[in-house]
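# Structural features, examined
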Amino acid sequence: MKIAKVEVVPYALPFREPYVTARGRLARREMVLLRLRDEDGLVGLGEAVPLSLRGGVSLPTVVAELEGLAERDVLDEEALRGSALGLSAPARCAALTALLDLRGKIAGTASEPSAAVECNATLVAGEPAAVAVEAERWAAEGFTTFKLKLGTGNDVGQVRAVRDAVGPAARIRVDANATWDTQSAIRVLSEIEPLEIELVEQPAATLADLADIGAATSIPVAGDESIGSRAEAEDAVRAGACDIAATKLSKVGGPEEAIEIAEVMPSYVSSALDGPVGIAAAAQVAQTLDTMAPADSPRLAHGLATQRLFGSTVAAVECELRDGMLHLPPGPGLGVEIDEEALRAHRL
């Protein structure tokens with residue numbers, strides 16, 4: 001596709017409360033907005049989220065990679081997904097998403113507005129009583145699946161407090177962000193197993209660890225950090241390491257990569273604490289994954305309600321959360337419209 005202009009805007013959104021996990025603490029999320037303008041003035045939006053707490057590439061690196069796209073008059077998916085441009089996964093995600101948005105605007109196609117995406121509540125780590133109170137707030141807004149960030153302290157206490165708060169019908173999933181060793185994971189999971197846990201996301205670092213943990217618990221194991229591509233998903237299946245994949249678009253490199261992983265194993269889409277563009281792209285992928293799932297398989301909520309964690313936005317039009325469901329904007333492409341004044345205020 002012929003590209004007339006490339007604009008790269010690094011920005012940050014503050015959290016309402018610090019985002020605390022076993023990987024660390026964040027007061028804001030830094031990300032990069034990409035705008036690709038074609039010769040007719042239409043603009044495609046993309047977004048990159050450098051995964052700073054996971055040892056990923058830095059924000060300046062992603063900015064430089066995306067600015068380098070301005071040297072090319074033509075961009076297409078094949079070139080962006082290949083190795084010739086040397087793009088990191090977050091930069092590749094932004095570029096592919098922007099092309100997807102631009103093509104949608106050219107064609108005038110939009111998401112199906114009735115196909116809302118079920119989302120889980122995301123609870124940051126903390127004292128059990130405080131986490132339970134926050135779970136009740138999410139439940140009051142219609143959420144029925146709750147994701148707890150473990151690995152920072154009283155893990156079992158947090159799970160018990162949330163189960164008591166949300167009742168027996170709610171689904172609870174837990175995430176240790178690969179920080180447990182095998183024995184710690186088995187110990188904690190054995191204690192919370194009677195509390196009816198839907199799944200545990202990335203309890204330890206390696207596929208061998210995950211396979212050992214999975215053999216010791218009835219709780220399904222989901223891979224996150226261990227699964228960044230179709231090939232890694234296939235490795236996980238061969239190793240008997242994971243039952244499910246949690247995909248983040250900036251981690252895997254874009255929408256098509258996430259769909260390819262879902263062709264290998266059951267998957268749900270999780271936020272990388274994305275801004276409004278990344279969430280809209282992920283929601284479209286989630287819609288696709290929902291249609292791919294067998295009719296008789298349990299429906300997995302997606303981790304895309306994280307815009308609720310931010311204190312502000314850079315969008316004039318974006319996805320909306322209602323009754324535990326994420327509703328996509330009605331416009332063509334991703335449907336997201338940027339609030340230019342807000343973007344200037346949050347620009348880095």
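Everything below is about the structure printed above this text.
Not measured: the values here are computed from a predicted model.

### Some points on the overall build of the chain
Regarding its fold elements, the chain presents 12 helices and 15 strands. Since a compact globule built from 348 residues should have a radius of gyration of about 20 Å, the 19 Å found for the chain is in line with a globular shape. Principal axes of the C-alpha set define a box for the chain whose edges measure 60 × 40 × 40 Å. Of all 348 residues assigned to the chain, the portion counted as buried reaches 56%. The long-range share in the chain, meaning contacts at least 24 apart out of those at least 6 apart in sequence, stands at 69%. Total accessible area computed for the chain in this model is approximately 13900 Å², and 49% of it derives from carbon and sulfur atoms. Each charge sign in the chain was given a centre, from 32 positive and 52 negative side chains, and these centres are 3 Å apart.

### With respect to the environment of T313
Examined against the element boundaries, T313 turns out to sit in the loop between helix 11 (276-292) and strand 12 (315-317). Along the sequence, T313 and G275 sit 38 residues apart, while their C-alpha atoms lie 7.4 Å from each other. The residues touching T313, leaving out its near neighbours within four places in the chain, are L13, P276, E318, A342 and H346. A polar contact is formed between the side chain of T313 and the backbone nitrogen of A315, at a distance of 3.2 Å. A polar side-chain atom of T313 sits 3.0 Å from a polar atom in the side chain of E318.

### Observations regarding empty space enclosed by the protein
Here the structure, examined in full by the defined rule, presents two cavities of 30 Å³ or more. A volume near 30 Å³ is recorded for the second largest cavity. At the level of secondary structure, the elements contributing two or more residues to the lining of the second largest cavity comprise strand 1 (5-21) and strand 2 (24-37). The element that contributes the greatest number of residues to the lining of the second largest cavity is strand 2, accounting for three residues. Residue classes in the lining of the second largest cavity are distributed as one nonpolar, no polar and four charged.

### What about helix 7 (residues 207-216)?
All buried positions along helix 7 are accounted for by L210, A211 and I213. One side of helix 7 carries all its buried residues, which in axial view fall inside an arc of 165°. Exposed positions of helix 7 whose direction lies more than 90 degrees from the buried face are A208 and A215. In the core, the buried residues of helix 7 are packed alongside helix 6 (182-192) and strand 9 (221-223).

### Regarding the pattern of salt bridges
The final tally for this structure, using the stated rule, is 22 salt bridges. Note that E141 is salt-bridged to R308, the shortest N-O span being 2.9 Å. With E141 in the loop between helix 4 (128-140) and strand 6 (145-149) and R308 in the loop between helix 11 and strand 12, this pair connects stretches of sequence that are 167 residues apart. Using a relative accessible area of 36% as the deciding quantity, one classes E141 as partly exposed. Classification of R308 by relative accessible area gives buried; the value is 17%. The salt bridge involving R187 is made with E191; its shortest N-O contact spans 3.7 Å. With R187 and E191 both in helix 6 and four residues apart, the pair spans about one turn of that helix.

### Comments concerning the sheet that holds strand 8 (residues 197-201)
The strand order 5-6-7-8-9-10-11 describes an open sheet built from seven strands, whose pairing is parallel. Strands with a single pairing partner mark the edges of an open sheet, and in this sheet they are strand 5 (121-123) and strand 11 (267-269). In this sheet, neighbouring strand axes are inclined to one another by 25° on average, regardless of whether the strands run parallel or antiparallel. Looking at chain direction, strand 10 (residues 244-247) and strand 11 are connected through three bridges and run parallel. Note that in strand 11 the partner of T247 across the bridge is V269. Where helix 4 meets the sheet, its contacts fall on strand 5 and strand 6, and the angle it forms with strand 5 comes to roughly 165°.

### Examining the sheet that holds strand 2
Judged by pairing direction, the sheet is antiparallel, and its three strands sit side by side in the order 1-2-3 without closing on themselves. Two strands close off the open sheet at either side, each with one partner strand: strand 1 and strand 3 (43-48). Pairwise comparison of adjacent strand axes, ignoring direction, gives a mean angle of 25° for this sheet. The pairing of strand 1 with strand 2 spans 13 bridges and is classified as antiparallel. Bridge pairing in strand 2 links V6 to L36. Here helix 1 (residues 59-67) sits on the sheet and contacts strand 1, strand 2 and strand 3; the angle it forms with strand 2, its principal contact strand, is near 5°. Of the strands in this sheet, strand 2 and strand 3 touch helix 3 (residues 89-107), which is tilted by about 155° from strand 3.

### Topic: the pairing of strand 2
Between the antiparallel neighbours strand 1 and strand 2 lie two residues. Examined bridge by bridge, strand 2 and strand 3 share six bridges and lie antiparallel to one another. Residue pairing for strand 3: V32 is matched across the bridge by A48.

### Examining the packing of helix 8 (residues 230-238) against helix 10 (residues 255-264)
Packing of helix 8 against helix 10 brings their axes to within 8 Å, and their N-to-C directions diverge by 20°. Judged by the angle between their axes, helix 8 and helix 10 are roughly parallel. Considering only the axes of helix 8 and helix 10, their crossing is right-handed. Of helix 10, the residues touching helix 8 (which contributes R230, A233, E234 and V237) are E260, I261, E263 and V264.

Scoring rules and cut-offs
- Residues numbered from 1 in each chain as written.
- Predicted model: local features only at pLDDT ≥ 70, side-chain atom pairs only at ≥ 80, totals over all residues.
- Heavy atoms only, no water.
- Helix = DSSP H or I, 4+ residues; strand = E, 2+ residues; numbered from the N terminus.
- Rg over C-alpha atoms; globule rule 2.2 N^0.38 Å.
- Buried < 20%, exposed > 50% of the residue type's maximum accessible area, 1.4 Å probe, protein only.
- Contact = heavy atoms within 4.5 Å.
- Areas by Shrake-Rupley, 256 points an atom, 1.4 Å probe, with all protein chains shown as cover.
- Lys, Arg positive; Asp, Glu negative; His and termini not counted.
- Charge placed at Lys NZ, Arg CZ, Asp CG, Glu CD.
- Polar contact = N/O pair within 3.5 Å; in protein donor to acceptor, adjacent residues only side chain to side chain.
- 1 Å grid on protein atoms, 1.4 Å probe; cavity = no way out; pocket = protein on both sides within 12 Å on 5 of 7 lines; lining within 4 Å.
- Points joined across faces, edges and corners; volume = space filled by probe spheres on them.
- Nonpolar A, V, L, I, M, F, W, Y, C, P; charged D, E, K, R; others polar.
- Arc of directions from axis to C-beta.
- Salt bridge = Lys/Arg side-chain N within 4 Å of Asp/Glu carboxyl O.
- Pairing = 2+ DSSP bridges.
- Axes fitted to C-alpha atoms, helices over the stretch in contact; angles between N-to-C directions.
- Parallel < 35°, antiparallel > 145°, perpendicular 65-115°, else oblique.
- Left-handed = near helix turned anticlockwise from the far one by under 90°.

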